[in-house]
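The residues making up each chain are set out below.
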Amino acid sequence: MTEWATIVERAIKECREREQRIRTARKQLERLLELLPEVEQRPFALLSKLDELLEKLSDTLPQQPLQELQELRKWVNQYAVCGMLAVHGCVGFV
């Protein structure tokens, strides 16, 4: 019987760890949401946060939200590159 109790305890521990990872992921996504309006002024801060999130959440999030975050990262990266080119007077190349 103690063998079964150990198995159940291990499953409970795994559930708690997953819950903690999901809670952390939610908080990080909420912070990302707060940064989105600042994309024009701080695209590289957003890129940094996205890179951090993608690395941490790759094994936590389901595939579709993960792919959507990767698409968001591509868009922010393009936005940052275009902004840098414009700052340096290279608007014609965008």
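Residues numbered from 1 in each chain as written. Predicted model: local features only at pLDDT ≥ 70, side-chain atom pairs only at ≥ 80, totals over all residues. Heavy atoms only, no water.

Draft legend 1. Highlighting helix α2 (residues 43-57). Under the 1.5 Å per step criterion, the end-to-end length of α2 is 21 Å for 15 residues, consistent within 8% with the ideal 21 Å. Every buried residue of α2 is accounted for by P43, L46, L47, K49, L50, L53, L54 and L57. Projected down its long axis, α2 shows its buried positions confined to an angular sector of 165°, all on one face. (Helix = DSSP H or I, 4+ residues; strand = E, 2+ residues; numbered from the N terminus. Expected span 1.5 Å × (residues − 1). Buried < 20%, exposed > 50% of the residue type's maximum accessible area, 1.4 Å probe, protein only. Arc of directions from axis to C-beta.)

Draft legend 2. Quick look at the side chain of K49. If you trace the backbone, K49 turns up in helix α2. Since its relative accessible area comes to 18%, K49 is described here as buried. Dropping the residues within four chain positions of it, K49 is found in contact with R31, L32 and L35. (Contact = heavy atoms within 4.5 Å.)

Draft legend 3. Region of interest: the environment of T60. Its place among the elements puts T60 in the loop between α2 and α3 (63-87). Sequence spacing of T60 and E19 is 41 residues, and the spatial spacing of their C-alpha atoms is 10.0 Å.

Draft legend 4. A look at the packing of aromatic side chains. Inspection of every chain in the model, using the stated rule, returns one aromatic pair. Look at W75 and Y79: their rings are 5.5 Å apart centre to centre, the planes differ by 40°, and that puts the pair in the tilted class. With W75 and Y79 both in helix α3 and four residues apart, this pair spans about one turn of that helix. Of the residues examined, W75 reaches a relative accessible area of 42% and is grouped as partly exposed. (Phe/Tyr/Trp six-rings, centres within 6.5 Å; stacked < 30°, edge-to-face > 60°.)

Draft legend 5. A look at the confidence of the model for the protein. When pLDDT is averaged across the protein, the result is 86; 88% of the residues are at 70 or more. For the protein, per-element mean pLDDT is lowest for α3, which scores 85, and highest for helix α1 (residues 2-35), which scores 92. (pLDDT = per-residue confidence, 0-100.)

Draft legend 6. Representation of the pattern of salt bridges. Within the structure shown, the criterion is met by nine salt bridges. Put simply, R73 and D51 hold a salt bridge, and the shortest N to O gap is 2.4 Å. Placement of R73 in helix α3 and of D51 in helix α2 is noted, with a sequence separation of 22 residues between them. With a closest N to O distance of 3.4 Å, E71 and K74 form a salt bridge. Remark: K74 and E71 occur in helix α3; sequence separation between them is three residues, near one turn of the helix. Judged by its relative accessible area of 48%, E71 falls in the partly exposed class. Connected through salt bridges with shared partners, the residues E14, R18 and R21 form a single ionic network. (Salt bridge = Lys/Arg side-chain N within 4 Å of Asp/Glu carboxyl O.)

Draft legend 7. The arrangement of the nonpolar core in detail. Counting 15 residues, the largest nonpolar core has L32, L46, L50, L57, L61, L69 and V76 as its most contacted members. Secondary structure elements with two or more residues in this core: α1, α2 and α3. In terms of residue count, the dominant contributor to this core is α2 (six residues). Ignoring anything within four residues of it in the chain, the contact list for L50 reads L32, L69, L72, R73 and V76. (Core = buried A, V, L, I, M, F, W, Y, C linked by side-chain atoms within 4.5 Å.)

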